[in-house]
Structures are given as structure tokens and as C-alpha cells.
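Coordinates in review
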Amino acid sequence: MTVAARVAGKPVPVTEIDRREAILRAGNRASALPRPGTSEGRQLRRWLTQLAVAERVVADEAAARCLVEDGAPTEDAVLPDTAARLEIGSVAASTLALPLARAVFADIGAAVVVTDADIAAYHARNPLRFATKCTVPHGWNTRPEAPPLHEVSDRIARLLRGAAQRRAFRLWLDARCAATVELAPGYEHPGDPRQPDNTHKH
């Protein structure tokens, strides 16, 4: 068996990466994918390897924490918008498509605390974040006014808690992957400057 990676010593076969790529290439966005065998095509396979190992890391953690899919938050709850997906990174965001990963996310995020001071500081920095515009006759909008803190504190708390939970999950996932994942040559991280297809230069 040819191996693309190992997670805690357990192999991730190349055939799994082949299967994931075949599913993508059979989908309705296949025309947007790079051609197989090109530098970009190899980078796609590296990204698929990152996703495969991240999913295994999450599954191992769920088993260690005795977590199940039942009661996991929805994907929209943990990744409410495009900004949240960009903030957490493509691999972590894709992993959170799985209910078991969201159960791990919720368990890790349960320790996150947002204080009244955090909320007040955010409101002071972003006073118009939840401001509403009032439309007057003839279609003109009045200048938005900052709502008082007590009116928006719950919304700010949810915003800050969500961002902090995403950061905690991403940092945990990065650390666990670094500790438990071994990547085979040709399946390195797409951003690894040592692999020949990394074209990001400074």
C-alpha cells in the first residue's frame, strides 16, 4: 500500500486521496479545477491530503473525548459567513462540514470566556458595528447612530465568542496535526516552502 500520510502512525493510503480527487472531478465545479499532473494539480492533491489527515485527527479526538454527532451545532452556527470561513482557514472550515468535527469544536470552544470588559472594548472600537440607518422621505438616509452598549451587548458577546471559538479550534487542530501527522514526499503541506510546487515567494 502506497501511503500519502500517517496520523498517529496509522496510514492514509494514496487511494484515499485518489478517491477524494475523483469525487471533486466528477462534481459540477470540475471545470474550475487544475489539470491533473500540473503543479496546481499536485497542490490540489496536497490540499486533499491535509483535509484527509485533519478529519482523522478530529475523529481520534472525538473518540478520546467520548463525543458523538448527536447535539453537535450546525455548520451555519459555527461558520455563519464567508468571513468566518476565511478566518478559520480552508482545511478547518471543510473539516467542520462533519457533525463529529463540530462536536469537537463545541467541546474545545466551551472553555472560551467573553468578559464584560471584552464586550465594552469591542463596542468602543466599533461603535457603528450594529448601527441601523433610518430612511427619511425622498429616499435619503440619516447618519447612523451608535446604539448604546446595553442594546447590543448580547450580539457583541455572540460575535466575540464565535470568533474566539474558531480561533481556539484552528490553533488546536494545527497543533494536533503538527504533533501526530507525518506526510509522505509529494504530499507535503501546499504551503511548505521546501516542496517544488510552492510558488509563493517573498
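Residues numbered from 1 in each chain as written. Predicted model: local features only at pLDDT ≥ 70, side-chain atom pairs only at ≥ 80, totals over all residues. Heavy atoms only, no water.

As recorded in an unreviewed UniProt entry, the chain goes by Malonyl CoA-ACP transacylase and comes from Mycolicibacterium mageritense.

**Comments concerning unusual backbone geometry**
The cut-off we apply is this: Exposure categories follow from relative accessible area, calculated using a 1.4 Å probe and restricted to protein chains: below 20% of the type maximum is buried, above 50% is exposed, and the middle band is partly exposed. Secondary structure elements follow DSSP: runs of H or I no shorter than four residues count as helices, runs of E no shorter than two count as strands, and numbering proceeds from the N terminus.
Residue A8 is not a glycine yet carries a positive backbone phi of 50°. You can call A8 exposed: its relative accessible area is 53%. Despite not being glycine, C66 shows a phi value in the positive range, around 60°. Here C66 shows up in the loop between α2 (39–64) and α3 (75–78). For C66, a relative accessible area of 69% translates into the label exposed.

**Points about the environment of G191**
Following the sequence through the fold, G191 ends up in the segment after β3 (181–183). Considering only alpha carbons, one finds G191 and W47, 144 residues apart in sequence, at a separation of 9.4 Å.

**Overview of the nonpolar core**
Let me state the cut-off plainly: We call a set of buried Ala, Val, Leu, Ile, Met, Phe, Trp, Tyr and Cys residues a nonpolar core when their side-chain atoms join them within 4.5 Å. The contact rule is simple, with two residues in contact once any of their heavy atoms fall within 4.5 Å.
Core analysis: the biggest nonpolar cluster contains 35 residues, and L96, V104, F169, W172 and L173 have the highest contact counts within it. Ranked by residue count, the leading element in this core is α2, at eight residues. Not counting the four nearest positions on each side in its chain, F169 is found in contact with V58, I88, A92, L96, A101, V104, F105 and I108. Of all hydrophobic cores here, the second largest spans nine residues; its members include V114, I119, I156 and L160.

**Let's talk about helix α1 (residues 14–25)**
For an α-helix the count is 3.6 residues per turn, leaving residues at separations of three or four pointing the same way. To keep things clear, this is the line we draw: The span you would expect from a helix comes to 1.5 Å times its residue count less one. The directions from the helix axis to the C-beta atoms form the arc being described.
Helix length check: α1 (12 residues) gives 16 Å between terminal C-alpha atoms against 16 Å at 1.5 Å per residue, within 8%. Among the residues of α1, V14, E16, I17, R20 and E21 are the ones counted as buried. Angularly, the buried residues of α1 cover 160° about the axis, an arc narrow enough to put them on a single face. Exposed side chains of α1 directed beyond 90 degrees from the buried face belong to T15 and I23.

**Some points on the pattern of salt bridges**
Where charged atoms from two side chains of opposite charge approach closely, those side chains can pair. Applied cut-off: Any carboxyl oxygen of Asp or Glu that lies within 4 Å of a side-chain nitrogen of Lys or Arg is treated as forming a salt bridge with it.
Applying the stated criterion across every chain yields a total of 15 salt bridges. A salt bridge links E21 to R25; the shortest N-O distance between them is 2.9 Å. Here E21 and its partner R25 are both found in helix α1, four residues apart, which amounts to about one turn of the helix. Put simply, R65 and E61 hold a salt bridge, and the shortest N to O gap is 2.7 Å. Given a relative accessible area of 30%, R65 falls into the partly exposed group. Looking at E61, the relative accessible area reads 14%, which means it is buried. Several salt bridges share partner residues, and in doing so they unite E16, R20, E55 and R56 into one network.

**Section: the packing of aromatic side chains**
Quick reminder of the rule: Put simply, two rings from Phe, Tyr or Trp (the six-membered ring, in Trp's case) pair if the centres are within 6.5 Å, and we call them stacked under 30 degrees between planes, edge-to-face over 60, tilted for the rest.
Under the definition given, this model contains two aromatic pairs. On the numbers, 5.6 Å between centres and 50° between planes, the contact of F105 with F169 is tilted. Of this pair, F105 sits in helix α6 (residues 99–109) while F169 is found in helix α8 (residues 149–180), placing the two residues 64 residues apart along the sequence. Assessed through its relative accessible area of 4%, F105 is described here as buried. Note on F169 and W172: the rings are 5.8 Å apart at their centroids and 35° apart in plane angle, and the pair reads as tilted. Of the two residues, F169 and W172 are both situated in helix α8; the distance of three residues between them amounts to about one turn of the helix.

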